[in-house]
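What the coordinates show
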Amino acid sequence: MRIRRFTTALTNGTLALGLLAVAACTAANPDAPADAPVADAPGDPGASTSITTTGATTSSVPADTGVTTAGASADASAAPAPASSGGLLATVRQRGRLNCGVQDKLPGFGYLDPSGEYKGFDVDFCRAIAAAVLGDATAVDFKPLTAQQRFTALQTGEVDVLVRNTTFTLARDTQNGLDFSPTTFYDGQGMMVRADLNVDSLAGLDGANICVGSGTTTEKNLGDAMRKAGAAFTPVVLEDTDQVFSAYDGGRCDAVTSDKSQLASRQTTLADPTAHVILDLTLSKEPLGPAVLQGDAQWADVVNWVVYGVIAAEEFGITSRNVDTFLTSEDPEIRRLLGVEDALGEGLGLTNDFMVGVIRAVGNYAEIYDRNLGPDTPFKLPRGANRLWTEGGLLYSPPFR
Amino acid sequence: MMTARAYAIVRRHGAWWLAAQAALTILAALLVWWTVPPLLRWLWWTADWSVVTANLRLFILFRYPTEAAWRPALALAMTVAAVGLAVRRAAARQSASGARTLLWLLGAVLASFVLLRGVGSSVVPMNLWGGLLLTLILAATAIGLSLPLGIVLALGRRSALPLVRWTSVAAIECVRGLPLITILFMASLVVPLALPDAWRPDTVLRAIFGLTLFSAAYVAEDVRGGLNAVGAGQYDAARALGLGSVAMHRLVILPQALRAVVPAIVGQFIALLKDTSLVLILGLTELFGVARSVVNQPEHLGRFREALLFAAVVYFVLCGGLSRVSRSFEMRGRESRRGRAVERT
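Residues numbered from 1 in each chain as written. Chains lettered and ligands numbered in written order. Predicted model: local features only at pLDDT ≥ 70, side-chain atom pairs only at ≥ 80, totals over all residues. Heavy atoms only, no water.

Secondary structure summary: chain A contains 16 helices and 13 strands in total. A burial count over chain A gives 52% of its 401 residues as buried. When the accessible surface of chain A is totalled, it reaches about 17,200 Å², and 53% of it is carbon and sulfur. (Helix = DSSP H or I, 4+ residues; strand = E, 2+ residues; numbered from the N terminus. Buried < 20%, exposed > 50% of the residue type's maximum accessible area, 1.4 Å probe, protein only. Areas by Shrake-Rupley, 256 points an atom, 1.4 Å probe, with all protein chains shown as cover.)

Next comes the structure, spelled out in structure tokens:
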């Protein structure tokens, strides 16, 4: 009996301690409600209930995760293929935050900076979509996803859009029930070799050891390409990217294969970057772009036209700095892009000037590219195929009209 | 002198033994010569620790707001104090201390969790939790929950009621038959598909659930070993005193059984602490995840050796700390038993 009383007192005491601390921090917060339950905390049997009720009534804090307070998106997952205007766009609006599935471990494309902010090429497209839909480029909850998780996260409604260097392929378009947006980055598998080997083709790598990451299509593509070139080789298969390039740098392989964007960024970290060359050939096509769940045409259109919008902005020379001067432009296509005339935005379910907000927040395609991958970054990645069609690249936006 | 010793060795073991010793010594010296200087050179000259120093915030708090950093600090102090008190309590009173110790730990862990998450407008969403903070939360919560759960399962396995017994056996054996990574994969991929959106628990809770379930099954088997080690005479004596089944277990059997298996359980908890690194499958970024993540910042590209070494040192310190707690549990237990024996005479 004595023991039971003691243990009850003990649990109550511990709860009270926790509650007191919470109450203290609530009080420390300037915009906290004034009814913090300090007075009735110690030893009160109602202490534990007041914790739960307080938590429940105020859990609609804007910065909350989409998972716990996902009441708003419940309808979206209950009907996985919302067809009309009641779809994801309305859900995201209602929630006030965009859930964006990203990669958090890919240099240049998605990573955490020391202050805890997500940065990168893919991350900027998340911000662009948030700017278009919510008018606030910071209203994004980034969900770092592993390669295995990414499609499930989209299918279950855990994320609204996936911008996680995902290659657009037929099987993914059909079997995984995705819809791909226009490609934001044309990547391709390449090959880096030691410069002193004087190799300029795959055939020249006959008998070589080639470092490659395991379990990826990269490994399969390498086998296919080398067979086509009629060159025998020994694959040195390693688990992760760090190991692959560490082994290559340590001399275990004559060559290393990976996506060209990665080869370029990793070359800068090798002991002597000038002792290696990236061969001028492409083993596979890897068009990377955002993906949304199939069946919500309106939401897919929104994502598509945000991507087209930043490409069009580069074509017209509109940047985050000079966008305001274009608002008075006489060019009809620029006027339509920025929503000065016609009502193109409304057709998407957005405001007519949605692209103004996007360009102010993240800039045009060139600005996004240069900020994350361009000459001022350690990667110094040449634009290559990612130039505008007017400059010999593949980026081409359908007209805004 | 040296020759005299060598001569003595040759006389005792034969010349081949001396030669083998000499060869081994030279080999060991060479090994040290080849590995240690390059390692030291790397540590002092080549290594660039800015990947760690610039990212200390991420390593410790991840994206938990720095202005609320006192909350994890207070929670840590609370948990440490509770563990310290539990150790003292376990030493001070032999009987019934088990149940009370468990309540201390459980209470501290739950209070810490509430404190960290916050209430009302002070809520820090769990997607901001990470780094060392998340490692400690996952380990502490899973330890705090799996200990009582494990004890219940162990007792359930010895229950006379077939339903309770078979449920416990099934739970223990099913979980022990699965690798932790499988359980976490299920938590990551199956739970979201199976549950409606509104019911879907946060990833952190999913991880805690998986880790607790896994650890409890192993704790249950450890405790069962302890229960088996308690002599039949203790049961008879307790019954002769007129104790019921619950009182008998709480006052007589469990205190002895648990004390006997403290090293085994702590070993399990050390394994659990290290296993928390597997939650990266769920997309969570705990200590190891931060080490893997920060090397992708453009300015720290390729500095994975430094980041991983730092994480290894932190894990080492944490696991060493846990071992020390376990040792002090054992020492105090021994002391108190000896003290009481003296008192009685």
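For chain B, the helix and strand inventory stands at 14 helices and zero strands. Taken from the N to the C terminus, the helices and strands of chain B come in the order α-α-α-α-α-α-α-α-α-α-α-α-α-α. Against the 2.2 N^0.38 benchmark of 20 Å for 345 residues, chain B shows a C-alpha radius of gyration of 25 Å, more extended than a compact globule. In terms of overall dimensions, chain B has a C-alpha envelope of 75 × 65 × 40 Å along the principal axes. Per-residue burial for chain B yields a buried fraction of 45% across its 345 residues. The contacts in chain B between residues at least 6 apart in sequence include a share of 75% that link residues at least 24 apart. Total accessible area on chain B is roughly 17,300 Å²; 70% of this is exposed by carbon and sulfur atoms. Across chain B, 34 positive and 15 negative side-chain charges occur, with their mean positions spaced 9 Å apart. (Rg over C-alpha atoms; globule rule 2.2 N^0.38 Å. Contact = heavy atoms within 4.5 Å. Lys, Arg positive; Asp, Glu negative; His and termini not counted. Charge placed at Lys NZ, Arg CZ, Asp CG, Glu CD.)

Per-chain confidence: chain B averages 87 in pLDDT, with 93% of residues scoring 70 or above. Predicted as a complex, the structure gets a pTM of 0.79 and an ipTM equal to 0.78. (pLDDT = per-residue confidence, 0-100.)

All names here are of chain A. In total, this model carries two disulfides over all chains according to the counting rule given. Bridging Cys100 to Cys126, the disulfide has an S-S length of 1.9 Å. Taking the sign of the S-S torsion, -70° for the link of Cys100 and Cys126, the bridge is left-handed. Here Cys100, found in strand 1 (residues 98–102), pairs with Cys126, found in helix 5 (residues 121–134); they are 26 residues apart in sequence, far enough to count as distant. Residue Cys100 shares its accessibility class with Cys126, and that shared class is buried. (Disulfide = S-S within 2.5 Å.)

A separate point is helix 15 (residues 354–362) of chain A. Residues that lie three or four places apart on an α-helix share one face, since the helix turns once every 3.6 residues. Residues and elements named next belong to chain A. Taken together, the buried positions of helix 15 are occupied by Phe354, Met355, Val356, Val358, Ile359 and Val362. Buried positions along helix 15 lie against helix 5, helix 11 (297–316), helix 12 (323–326), helix 13 (332–337), helix 14 (344–348) and helix 16 (365–373). Within two residues after helix 15, Gly363 carries a phi angle of roughly 85°, on the positive side.

This part takes up the sheet that holds strand 4 (residues 118–119) of chain A. Hydrogen bonding along the main chain pairs the strands of a sheet, whether they run parallel or antiparallel. Residues and elements named next belong to chain A. In space, the three strands of this open sheet follow the order 2-3-4, with antiparallel pairing throughout. The open sheet has two free edges, formed respectively by strand 2 (105–106) and strand 4, since each of these has just one partner strand. Summarising the sheet, strand 3 (residues 110–112) and strand 4 pair through two bridges and their orientation is antiparallel. Each residue of the ladder has a partner; that of Leu112, found in strand 4, is Tyr118. (Pairing = 2+ DSSP bridges.)

The next thing to look at is the domain arrangement of chain B. Domain boundaries in chain B define domain 1 (2–46) and domain 2 (54–344). Taking the mean C-alpha position of each, domain 1 of chain B and domain 2 of chain B sit 44 Å from one another. (Domains from an automatic or database assignment.)

Turning to the packing of helix 9 (residues 241–249) of chain A against helix 10 (residues 260–267) of chain A, a few remarks are in order. Residue and element names in this part refer to chain A. Running from N to C, helix 9 and helix 10 point in directions that differ by 60°, and their axes come no closer than 12 Å. The orientation of helix 9 relative to helix 10 falls into the category oblique. Crossing geometry of helix 9 relative to helix 10 is assigned as right-handed. Counted together, Thr241, Asp242 and Phe245 of helix 9 and Gln262, Leu263 and Arg266 of helix 10 form the full contact between these two elements. Its residues assigned to classes, the contact of helix 9 with helix 10 comprises two nonpolar, two polar and two charged. (Axes fitted to C-alpha atoms, helices over the stretch in contact; angles between N-to-C directions. Parallel < 35°, antiparallel > 145°, perpendicular 65-115°, else oblique. Left-handed = near helix turned anticlockwise from the far one by under 90°. Nonpolar A, V, L, I, M, F, W, Y, C, P; charged D, E, K, R; others polar.)

Attention shifts here to the confidence of the model for chain A. Residue and element names in this part refer to chain A. Mean pLDDT over chain A stands at 81; residues scoring 70 or higher make up 78%. Across chain A, the secondary-structure element scoring lowest on mean pLDDT is helix 2 (residues 47–57), at 36, and the one scoring highest is helix 5, at 97. The model gives residues 1–11 a pLDDT under 50, and that stretch makes 11 contacts with residues more than four places away or in other chains. In the model, residues 13–84 has pLDDT below 50 throughout and makes 95 contacts with residues more than four positions away in sequence or in other chains.

The next subject is the pattern of salt bridges. A full pass over the atoms with the stated rule returns 18 salt bridges over all chains. A salt bridge links Asp160 of chain A to Arg95 of chain A, with the nearest nitrogen and oxygen atoms 2.9 Å apart. On the criterion of sequence distance, the pair formed by Asp160 of chain A in the loop between helix 6 (149–155) and strand 6 (161–167) and Arg95 of chain A in helix 4 (residues 88–95) is long-range, its members being 65 residues apart. Judged by its relative accessible area of 1%, Asp160 of chain A is buried. Linked by salt bridges that have partners in common, Arg157, Glu173, Arg176, Glu221 and Arg224 of chain B make up one network. (Salt bridge = Lys/Arg side-chain N within 4 Å of Asp/Glu carboxyl O.)

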